Amino acid sequence: MERTIGPGTIQKTLSLLKDVFDGLCVRISLIELEQLGKMVHEAMTVQGRSFHTPEHIFSLVDGSDPIQALAALFHDVVYYEIDQGFTTEVGTVLASYIRMETTDQGLPCIRLISRSTMSARVRPGGDSMFDMTLGVFGFDYGHTLIPSRGQNEFLSALLMNKKLESVLRRRDLLEATACIEATIPFRGPDENGQSPMEALAHRLRRVNEAQRLAMRESDIAAAVKRAVHFSNRDVDNFAEQDTGSFLDNTWKLLPETNPSLRHHGVYTIGSYRQALEKMEAFLNHLDPETVFNTYDDEPLPGEYARRVAMAYRNIHTARQYLGLKLLAIGLLEALAMSSGGDAPVALFMGGMEEREGTRRMDTYLPSIASIPTVDETSTLFGLLAFGRASSSSFDLQNSPLSLFIFRLLGWDVAETLLMEAKRMFAGEIEAETFLERVPAGIVVAVARACAEMAITRREVLLAFAESRLRRRLS
């Protein structure tokens, strides 16, 4: 599936770069500007990306602060696991500082070069930009990079610093690097009890001394507060008033982290379930207290408390929403496995296109009323019934099958069944065993509806539904 890039993104990228250099009172040739903009734009428009795109850069630019704008341009240039490597120019710059290795489990990993390797190839005095980037991130020579612990942020910052070391002041690059480091997400206090931003301030003091930048304590505090402001904008959607808008970003991330979903109309029930399963597990383990950063009075205590409260609300609702989506796709997967094996989602559900005349499985579900415990005015009900804030290329905007299940079961019973579905996903119980634990009325209705779409399995699905119905009535 090709991702459509909005018109004018290369021009907007170049314009933003020019504003950065103008704001920092730096002159750069138009050819150099074009080459930098082309490199950033090429990296941010790799086919696999659907969220970390040029539009994400533009959303982070706040006011007239050139340091934050510079960080916005570079902070997601490297996304190794999604891009499945580096673009040519990015790879050329980073090749001198990394080694591709394999873990004991046979997985690829990236290791920074050793101190001895660096000493053997650089001029006397070392590589100050590499040392500065290491210092801000708290890494050392030979460090093994981990995606969830700053791999992409570090490499993005290193790329920025090497490309611009002869153009910008070292202090400006240091402050932009701090902004990028602060976007490493979802970190709690370290082993010393320091918050991520307290630890960042400590490292900036050490880098300031080592690099002889003559920054005062007030300068360092201002740099950390700027980094906090920037990093909080990067995750600002967690504080959305509209949970549907918050979920939009979640759905944009799914095809980035699950390549099978990029093949429109072909991905299977199992692959879609695995994508939902990973996202649901991530949200279940996400501590809302780790979403937003704070340092000194940035943001103000009341604003920080509001953001954390909204993160709690959005994450809680998203957990339930994803749980119901996962239960619904689990039911389809069980029916598929019991009738011939995994199959494309479209075979069982019909078209995902939001247009008139599209045949879909949910149109064959019976009309029902909600049980008394289901609040039809709730945010969760609205998300299932009316959908997220915008449509997706690989999924319906609303969730009719999940809504059908929710209206008949409510959340508490659905959550119990979800635990059984997860046992099926883990191979602890068979699909048929899971189906026996789902209320017969739901299984019969969904099997009959799927039979209307999956014509190759129609007879098997109808026979299964009739068998389950007879046992229910006997």
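Coordinates for the structure precede this section.
Residue indices begin from 1 for each chain and proceed along its sequence in written order. Thresholds applied to this predicted model are a pLDDT of at least 70 for local features of residues and 80 or more for the giving and counting of side-chain atom pairs; totals over whole chains, interfaces and linings are not thresholded and use all residues. Heavy atoms from the whole structure form the basis of all side-chain values; hydrogens and water molecules are not counted.

Q: Can you help me understand the packing of helix H4 (residues 66–74) against helix H10 (residues 170–181) in this one?
A: Packed helix pairs are characterised by how far apart their axes lie and by the angle those axes make with each other. Only the stretch in contact is used when fitting a helix axis, every axis being a line fitted to C-alpha atoms; angles between N-to-C directions are given from 0 to 180 degrees. Note on conventions: DSSP H or I runs of at least 4 residues are helices, E runs of at least 2 residues are strands, and numbering of each starts at the N terminus. Contact geometry of H4 with H10 gives a least axis separation of 9 Å together with a crossing angle of 55 degrees. Taken together, the axis directions place H4 and H10 in an arrangement best described as oblique. The two elements H4 and H10 cross, and the hand of that crossing is right-handed. Counted together, Ile67, Gln68, Leu70, Ala71 and Phe74 of H4 and Asp172, Leu173, Glu175, Ala176, Cys179 and Ile180 of H10 form the full contact between these two elements. Residues were grouped as follows: Ala, Val, Leu, Ile, Met, Phe, Trp, Tyr, Cys and Pro as nonpolar; Asp, Glu, Lys and Arg as charged; and all remaining residues, including Gly, as polar. Split into classes, the residues belonging to the contact of H4 with H10 amount to eight nonpolar, one polar and two charged. An angle counts as roughly parallel when it lies under 35 degrees, as roughly antiparallel when it exceeds 145, as roughly perpendicular when it falls between 65 and 115, and as oblique in every other case. Crossings are classed by handedness, with left-handed meaning an anticlockwise turn of the near helix from the far one by less than a right angle and right-handed meaning a clockwise turn. In this analysis, two residues are considered to be in contact whenever any of their non-hydrogen atoms come within 4.5 Å of each other.

Q: What is the right way to look at helix H21 (residues 458–473) in this model?
A: Because the α-helix completes a turn every 3.6 residues, residues three or four places apart line up on one side. By definition here, a helix of n residues has an expected span of 1.5 Å times n minus one. The end-to-end C-alpha distance of H21 is 22 Å, a good match for the 22 Å that 16 residues give at a rise of 1.5 Å each. Residues of H21 that are buried include every one of Leu461, Ala465 and Arg468, and no others. Looking down the long axis of H21, one finds its buried residues gathered within 70 degrees of arc, a one-sided arrangement. In H21, those exposed residues whose orientation departs by more than 90 degrees from the buried face are Glu459, Arg470 and Leu473. Under the scheme applied here, a residue whose accessible area is under 20% of the maximum for its type counts as buried, over 50% as exposed, and between as partly exposed, the area being computed with a 1.4 Å probe on protein chains only. Here the arc refers to the directions that run from the helix axis out to each C-beta atom.

Q: What is the right way to look at the packing of aromatic side chains in this model?
A: Here the distance between the centres and the angle between the planes together describe a pair of aromatic rings. The rule is short: rings of Phe, Tyr and Trp, with Trp giving its six-membered ring, pair when the centres are within 6.5 Å, and they are stacked under 30 degrees, edge-to-face over 60, tilted in between. Taken as a whole and judged by the stated rule, the model has 11 aromatic pairs. Look at Phe137 and Phe154: their rings are 5.4 Å apart centre to centre, the planes differ by 90 degrees, and that puts the pair in the edge-to-face class. One end of the pair, Phe137, is in helix H8 (residues 128–137); the other, Phe154, is in helix H9 (residues 151–164), and 17 residues separate them in sequence. Exposure remark for Phe137: the relative accessible area of 5% places this residue in the buried category. The buried category is assigned to Phe154, whose relative accessible area is 0%. Taking the centre distance of 5.9 Å and the plane angle of 50 degrees together, the rings of Tyr267 and Tyr272 count as tilted. Just as Tyr267 is buried, Tyr272 falls in that class too. Through pairs of rings, three or more aromatic residues link up here, namely Tyr97, Phe130, Phe137, Phe139, Tyr141 and Phe154.

Q: Just to check I follow, could you spell out the environment of Leu403 for this structure?
A: Within the secondary structure, Leu403 sits in helix H18 (residues 400–425). Those residues in contact with Leu403 that lie beyond four places of it in its chain are Phe381, Leu384 and Ala385.

Q: Even after reading the chapter, I still don't get the sheet that holds strand S3 (residues 144–145), so can you show me in this structure?
A: Hydrogen bonding along the main chain pairs the strands of a sheet, whether they run parallel or antiparallel. Reading across from one edge, S1-S2-S3 is the order of the three strands in this open sheet, with antiparallel pairing throughout. Strands at the two margins of the open sheet, each flanked by one partner only, are strand S1 (98–102) and S3. Note: strand S2 (residues 108–112) against S3, two bridges, orientation antiparallel. Across the sheet, residue Arg111 finds its bridge partner in S3, namely Thr144. Strand pairing follows a simple DSSP-based rule, namely that at least 2 bridges must link the two strands.

Q: How should unusual backbone geometry be read in this particular structure?
A: Note: most peptide bonds trans; most residues except glycine with negative phi. With omega at -10 degrees, the peptide bond leading from Glu298 into Pro299 counts as cis. Residue Arg212 is not a glycine yet carries a positive backbone phi of 55 degrees. By the secondary structure assignment, Arg212 is in the loop between helix H11 (196–211) and helix H12 (217–234).

Q: Would you mind showing me how to read the side chain of His75 here?
A: Tracing the backbone through its elements, the reader meets His75 in the loop between H4 and helix H5 (80–83). On the accessibility criterion, His75 (1% relative accessible area) is buried. Whenever a nitrogen or oxygen atom comes within 3.5 Å of another N or O atom, the pair is scored as a polar contact, on the condition that within protein one atom can donate a hydrogen and the other can accept it, and that pairs from neighbouring residues in sequence are kept only if both atoms are in side chains. A distance of 3.5 Å separates the side chain of His75 from the side chain of His56, its partner in a polar contact. Side-chain polar atoms of His75 contact the backbone oxygen of Ala72, separated by 3.0 Å. Those residues in contact with His75 that sit more than four places away from it in its chain are His56, Leu60, Ser156, Ile180, Thr183, Phe230 and Asp234.

Q: What exactly am I supposed to notice about the pattern of salt bridges here?
A: Two side chains carrying opposite charge are able to pair once their charged atoms lie near each other. Think of a salt bridge as a Lys or Arg side-chain nitrogen and an Asp or Glu carboxyl oxygen that are within 4 Å of each other. Taken as a whole and judged by the stated rule, the model has 32 salt bridges. The partner of Lys18 in a salt bridge is Asp22, and the shortest N-O contact between them spans 2.9 Å. Here Lys18 and its partner Asp22 are both found in helix H1 (residues 9–23), four residues apart, which amounts to about one turn of the helix. With a relative accessible area of 45%, Asp22 lands in the partly exposed category.

Q: Got a minute to help me understand the environment of Glu333 in this structure?
A: In this structure, Glu333 sits in helix H15 (residues 301–338). Linking Glu333 and Phe464, residues 131 residues apart in sequence, is a C-alpha distance of 15 Å. Among the polar contacts listed, one links the side chain of Glu333 to the side chain of Arg273, at a separation of 2.8 Å.

Q: What is the right way to read helix H17 (residues 379–386) from this model?
A: Listed as buried for H17 are Leu380, Phe381, Leu383, Leu384 and Ala385. Two residues or fewer after H17 comes Gly387, characterised by a positive phi angle close to 105 degrees.

Q: I tried to follow the nonpolar core on my own but got confused; where do I start?
A: As a rule of thumb, nonpolar side chains are buried together in soluble globular proteins. Here, the term nonpolar core denotes a set of buried Ala, Val, Leu, Ile, Met, Phe, Trp, Tyr and Cys residues that are joined through side-chain atoms within 4.5 Å. If you look at the biggest cluster of nonpolar residues, it comprises 78 residues, and the most contacted ones within it are Phe238, Leu332, Phe348, Met361 and Val446. It is H15 that provides the largest number of residues to this core, a total of 18 residues. When neighbours within four sequence positions are excluded, Phe238 is seen to be in contact with Phe186, Phe246, Leu286, Val291, Phe292, Met310, Ala311, Asn314 and Ile315. Of all hydrophobic cores here, the second largest spans 74 residues; its members include Val40, Met132, Leu158 and Met215.

Q: Could you clarify how one ought to interpret the pairing of S1 in this entry?
A: On a regular strand, each side chain points to the face opposite its neighbour's, so the side chains alternate between the two faces of the sheet. Summarising the sheet, S1 and S2 pair through five bridges and their orientation is antiparallel. Within S2, the position partnered with Thr102 by the bridge is Pro108. Hairpin geometry of S1 and S2 is characterised by an intervening segment of five residues between the two adjacent antiparallel strands and by a positive phi of about 85 degrees at Gly106.

Q: How do you make sense of the packing of H15 against helix H20 (residues 440–453) when you look at a structure like this?
A: H20 packs onto H15 with a crossing angle of 70 degrees between their chain directions and a minimal axis gap of 11 Å. Relative to H20, the element H15 is oriented roughly perpendicular. The chirality of how H15 crosses H20 is right-handed. Across the interface between the two elements, Leu331, Leu332 and Leu335 of H15 pack against Ile442, Val443, Val446, Ala447 and Cys450 of H20. A class-by-class count of the residues in the contact of H15 with H20 yields eight nonpolar, no polar and no charged.

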